[in-house]
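Commentary on secondary and tertiary structure
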Amino acid sequence: MIIDLRSDTVTKPSKGMLDAMMRAEIGDDVFREDPTVNKLEAHLAKLFGKPNALFFPSGTMANQTALKLHTQPGEQVICDKYAHIYNYESGGASFNSGISCKLVDGDKGMFTAKQVIEAINPDAYYYSKTTLVEVENTTNKGGGACWDFEELKKIRTVCDSNNFGYHLDGARLWNALVAKNETPKQYGELFDTISVCLSKGLGCPVGSVLIGDEAIMENALRVRKVFGGNMRQAGYLAAAGLYALEHHIDRLKEDHAKAKDIEKVLSSLSMIKKVEPVETNIIIFELEDGISETDFEEKLASKDIRIISMGGGKLRITTHMDYTDDMHEKLLKTLKNLD
Ligand SMILES: *Cc1c(COP(=O)(O)O)cnc(C)c1O
């Protein structure tokens, strides 16, 4: 029994999901004739109260498309120093859109409206033009932290008065919705574009969706094509998404509860300096000085437990659908015995 807690992307489709995939009605999505893709897109657009949604093979491509739709080369996006679009998308903002990122020094990947105002470039020709604000909920590198919705609203006001676009990287928005008891519609009302992943906590093998307003999404199909993201009989994948949206959202609570248990045990260990407060399914922690991350990782690996290093002395554990109660029991016991 390998306990893989490196990411919530390691899950494999359940029997129910596989059955739904095998039964999918399919067609050529490049002709926009895949009924299951069309159904998934319509479903998500409606769920968020937006006119438009488009299926993508990855969250990275959905985010990169959003950046392209919102900006012109030379412009600047305001985002946190921990942002996925800055850290983990291979420099795509500059490669694909020719834009730069103005990094905000936030807290656990989150910042304030005041920090956004301070990050806006002056309106002079020798500055890069600020045109977009991007936030992530939950924050990945920030340890699955959830934004305060009131702050997100204040940032919307800043975007409105400066005519900026407002994009949400909602790869793990489902976790935030469950943890904070919020609704997709609230987010649909606030943001111009939202990307959501089906392949993280929801347990699908592949898939992300970009949801947005008509005007901004007008060119989304063309950009996705340019990025190489056109798919043909993608209904098999969309069917997994529809299944997950029906069956796998409420259960995220279980992942969050398990993460809380792990936080508690880690906090009690003398070799651990700090555990970031756990709100959802991600636990980020630091080891005491002099204890090497590699040694810690290897010690767990020798007990068939896999976790991941985030660099800078931080380690990450992520709970997910395929992390069973038995595995949980074994993990907690193993951690307690480390001390
Ligand atoms: C996983 C993730 C993405 C998208 O990643 P892909 O692997 O390209 O699907 C985007 N943003 C955040 C915050 C993520 O955690």
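Quick caveat: nothing in here was measured; it's all calculated off a predicted structure.

The ligand sits among S58, G59, T60, N63, H84, E89, E136, N140, D169, A171, R172 and K200. At 3.5 Å from a nitrogen atom of the ligand is found a side-chain nitrogen or oxygen belonging to H84. A total of 380 Å² of accessible area belongs to the ligand in isolation, and the protein chains cover 84% of it. If you tally residues by element for the shell around the ligand, the top one is helix 3 (residues 59–70), at three residues. A per-class count over the shell around the ligand returns one nonpolar, six polar and five charged.

With that settled, consider the domain arrangement of the protein. According to the domain assignment, the protein consists of domain 1 (3–9 + 251–336) and domain 2 (15–247). Summing both partners gives a buried area of about 1600 Å² for domain 1 against domain 2, and 52% of it is carried by carbon and sulfur. Its largest share of buried area at the contact with domain 2, domain 1 owes to D8, L252 and E279, together 32% of the area lost on that side. Viewed at the interface, domain 2 and domain 1 are joined by one salt bridge. R172 is paired through a salt bridge with D8; the nearest N and O atoms lie 2.7 Å apart. The tally of links from domain 1 across to domain 2 stands at six residue pairs in polar contact (both at pLDDT 80 or more). At the level of secondary structure, the elements contributing two or more residues to the side of domain 1 that touches domain 2 comprise helix 13 (252–267), strand 10 (282–287) and strand 13 (314–318). The element best represented in the side of domain 1 that touches domain 2 is helix 13, accounting for three residues. Looking at the side of domain 1 that touches domain 2, its residues break down into six nonpolar, five polar and seven charged.

What follows deals with the packing of aromatic side chains. As enumerated under the stated definition, the model contains eight aromatic pairs in all. Ring geometry for Y187 against F191: centres 6.3 Å apart, planes inclined by 5°, an arrangement best described as stacked. Like Y187, the residue F191 is buried in the burial classification.

About the thresholds
- Residues numbered from 1 in each chain as written.
- Predicted model: local features only at pLDDT ≥ 70, side-chain atom pairs only at ≥ 80, totals over all residues.
- Heavy atoms only, no water.
- Near = heavy atom within 4 Å.
- Polar contact = N/O pair within 3.5 Å; in protein donor to acceptor, adjacent residues only side chain to side chain.
- Areas by Shrake-Rupley, 256 points an atom, 1.4 Å probe, with all protein chains shown as cover.
- Helix = DSSP H or I, 4+ residues; strand = E, 2+ residues; numbered from the N terminus.
- Nonpolar A, V, L, I, M, F, W, Y, C, P; charged D, E, K, R; others polar.
- Domains from an automatic or database assignment.
- Buried area = accessible area lost by both parts, 1.4 Å probe.
- Salt bridge = Lys/Arg side-chain N within 4 Å of Asp/Glu carboxyl O.
- Phe/Tyr/Trp six-rings, centres within 6.5 Å; stacked < 30°, edge-to-face > 60°.
- Buried < 20%, exposed > 50% of the residue type's maximum accessible area, 1.4 Å probe, protein only.

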